[in-house]
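Structural overview
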Amino acid sequence: MFPDIVPDLKAKMPQLRGRLLPNQPLAELTWFRVGGPAQVLFMPEDEADLASFLGALPAEIPVTVIGLGSNLIVRDGGVPGVVIRLGRGFGDVKVEPGARVRAGTGVPDVKVSRAAQEAGIAGLAFFRGIPGAIGGALRMNGGAYGRETKDALIEARGVDRAGRVHVFANGDMRYSYRHCGAPDDVIFTAALFQGEPGDPEKIAAEMDKITESREATQPIKSRTGGSTFKNPPGHKAWQVIDAAGCRGLKVGGAQVSEMHCNFLINLGGATAADIETLGETVRTRVKENSGVELEWEIKRIGVRSS
Ligand SMILES: Cc1cc2nc3c(=O)[nH]c(=O)nc-3n(C[C@H](O)[C@H](O)[C@H](O)COP(=O)(O)OP(=O)(O)OC[C@H]3O[C@@H](n4cnc5c(N)ncnc54)[C@H](O)[C@@H]3O)c2cc1C
């Protein structure tokens, strides 16, 4: 448990409309279902509420944003400071003229792909296979099946730690593989995507193929965080992990998936420490076996328990 700073914050911010909750469990907000609480969880009503909150929040209080928690390990000691989760007020998806789709960053990726398909907009079907929300896709440059967020993005809106709103053109995001070079403090609030005219039935068939392929090759019904490590240059992460004999390896309640060995899974009773230790064990064994240094793709937030 962290000290409760919510009454102090509320006193400083009488204008606040969103919900501000002390010591809020985060485990159920993530796919792995592990980890400690947020010292404060803030769910802003809309972008203006978020900007006013950040503008008034004392500079020494750390801020962490989470989306749908599909690429996240929350450590067992929880997350000091404020964790921000964007909900309803960031949940609009709109099709615009010129085969464009505008979406709030609280919108699940799959909803964007579906809106585009129904409107006969091709080029956004890849979002069908990514189980996060648009904020996570913008920050991670989420991608699958040969396309990434950077290939479809026109611009993104976001709020910095001081509460100032910015618009980032695609080039300002300085994207590379699973990386966004926009300032780390920016919380994205909305995105505008460019597709191209397409046949709704063909796009629907493409999306069905993506679903089938996921179900056949990934443990998508497990408590997991998706691909644990980025593919190292010239290699597939799963191949070097397999070659190092790590398929099925266990630490406590965490296991390297038998189905796809770049996925770690919580078998039920894992702690965040089990999962992180398993990931580090895999990194060490792969380095010893093939000399390849694996880099975490999954984001780890918070503190270890003492
Ligand atoms: C079964 C499974 C399959 C997956 N397959 C794929 C895949 O094919 N391709 C792929 O790219 N990923 C895949 N992932 C990983 C994950 O879905 C993506 O990285 C996704 O984009 C994360 O979105 P999220 O909303 O869950 O973000 P979270 O996991 O909550 O957060 C991830 C990061 O994004 C940041 N973030 C979240 N919202 C915002 C915001 N509004 N503004 C700024 N930063 C923000 C967080 O601070 C954190 O650093 C998979 C995951 C699972 C569990």
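Residues numbered from 1 in each chain as written. Predicted model: local features only at pLDDT ≥ 70, side-chain atom pairs only at ≥ 80, totals over all residues. Heavy atoms only, no water.

1. Focus: the overall build of the chain
- Check the secondary structure of the chain and you find eight helices and 19 strands.
- Relative to the compact-globule value of 19 Å for 306 residues, the chain shows a C-alpha radius of gyration of 20 Å, a close match.
- With the C-alpha coordinates aligned to their principal axes, the bounding extent of the chain is approximately 55 × 55 × 30 Å.
- Taking all 306 residues of the chain together, 51% fall into the buried category.
- In the chain, 65% of the contacts between residues at least 6 apart in sequence involve partners at least 24 apart.
- Split by element, the accessible area of the chain, about 13,800 Å² in all, is 51% carbon and sulfur.
- With 37 positive and 36 negative side-chain charges, the chain shows a spacing of 1 Å between the two charge centroids. (Helix = DSSP H or I, 4+ residues; strand = E, 2+ residues; numbered from the N terminus. Rg over C-alpha atoms; globule rule 2.2 N^0.38 Å. Buried < 20%, exposed > 50% of the residue type's maximum accessible area, 1.4 Å probe, protein only. Contact = heavy atoms within 4.5 Å. Areas by Shrake-Rupley, 256 points an atom, 1.4 Å probe, with all protein chains shown as cover. Lys, Arg positive; Asp, Glu negative; His and termini not counted. Charge placed at Lys NZ, Arg CZ, Asp CG, Glu CD.)

2. Here we look at the sheet that holds strand E1 (residues 19–25)
- In spatial order, the strands read E1-E2-E5-E3; together these four strands make up an open sheet with mixed pairing. Strands with a single pairing partner mark the edges of an open sheet, and in this sheet they are E1 and strand E3 (63–66). Taking each pair of neighbouring strands and ignoring which way they run, the sheet shows an average axis angle of 30°. (Pairing = 2+ DSSP bridges. Axes fitted to C-alpha atoms, helices over the stretch in contact; angles between N-to-C directions.)

3. Thoughts on the pairing of E3
- Only one face of E3 is buried: it carries Thr-64 and Ile-66, and the other face, with Val-63 and Val-65, is open.
- In terms of strand pairing, E3 meets strand E5 (residues 79–85) through four bridges, oriented parallel. Counted as the bridge partner of Val-63 is Val-82 from E5.

4. A short note on empty space enclosed by the protein
- A full pass over the atoms with the stated rule returns one cavity of 30 Å³ or more.
- For the largest cavity, the calculated volume is near 30 Å³.
- Together, Arg-102, Glu-155, Ala-156, Arg-157, Ala-190, Ala-191 and Leu-192 line the largest cavity.
- Those elements that place two or more of their residues in the lining of the largest cavity are strand E11 (153–159) and strand E13 (187–194).
- Looking at the lining of the largest cavity, its residues break down into four nonpolar, no polar and three charged. (1 Å grid on protein atoms, 1.4 Å probe; cavity = no way out; pocket = protein on both sides within 12 Å on 5 of 7 lines; lining within 4 Å. Points joined across faces, edges and corners; volume = space filled by probe spheres on them. Nonpolar A, V, L, I, M, F, W, Y, C, P; charged D, E, K, R; others polar.)

5. Considering the site of the ligand
- Around the ligand, the surrounding shell holds 34 residues, and the nearest of these are Val-65, Gly-67, Ser-70, Gly-143 and Arg-214.
- A distance of 3.5 Å separates an oxygen atom of the ligand from a polar atom in the backbone of Gly-136.
- Here the ligand, which alone exposes 970 Å², has 95% of that area covered by the protein.
- Every element with two or more residues in the shell around the ligand is listed here: E3, helix H4 (134–140), strand E9 (143–144), E13 and strand E15 (223–227).
- With five residues, the top contributor of residues to the shell around the ligand is H4.
- In terms of residue class, the shell around the ligand is made up of 17 nonpolar, 13 polar and four charged. (Near = heavy atom within 4 Å. Polar contact = N/O pair within 3.5 Å; in protein donor to acceptor, adjacent residues only side chain to side chain.)

6. A closer look at the packing of aromatic side chains
- Summed over all chains, the structure comprises five aromatic pairs.
- The interplanar angle of 80° and the centroid separation of 6.0 Å between the aromatic rings of Phe-168 and Phe-188 together place this pair among those described as edge-to-face. Note that Phe-168 is positioned in strand E12 (residues 165–169) and Phe-188 in strand E13, a separation of 20 residues in sequence.
- Using a relative accessible area of 3% as the deciding quantity, one classes Phe-188 as buried.
- Pairing Phe-229 with Trp-296 gives two aromatic rings, centres 5.2 Å apart and planes at 55°, and the pair type is tilted. Within this pair, whereas Phe-229 is found in the loop between E15 and helix H7 (237–243), its partner Trp-296 is found in the loop between helix H8 (272–290) and strand E19 (299–301), the two being separated by 67 residues in sequence.
- With relative accessibility at 1%, the residue Phe-229 sits in the buried group.
- Members of the aromatic cluster, connected to one another through ring pairs, are Phe-126, Phe-127 and Phe-193. (Phe/Tyr/Trp six-rings, centres within 6.5 Å; stacked < 30°, edge-to-face > 60°.)

7. Things to note about the sheet that holds E13
- With respect to topology, five strands assemble into an open sheet ordered E6-E7-E13-E11-E12, the strand pairing being antiparallel. Of all the strands in the sheet, the pair left with one neighbour each is strand E6 (93–96) and E12. Here the average twist between neighbouring strands, direction ignored, is 15°.
- Packed on one face of the sheet, helix H2 (residues 47–56) meets E11, E12 and E13 and runs near 45° to E11.

8. What to know about the pattern of salt bridges
- Applying the stated criterion across every chain yields a total of 18 salt bridges.
- The partner of Arg-88 in a salt bridge is Glu-45, and the shortest N-O contact between them spans 3.3 Å. Here Arg-88, found in the loop between E5 and E6, pairs with Glu-45, found in the loop between strand E2 (37–43) and H2; they are 43 residues apart in sequence, far enough to count as distant.
- For Glu-45, a relative accessible area of 31% corresponds to the partly exposed category.
- As a salt-bridge pair, Arg-75 and Glu-276 come within 2.8 Å of each other at their nearest N and O atoms. (Salt bridge = Lys/Arg side-chain N within 4 Å of Asp/Glu carboxyl O.)

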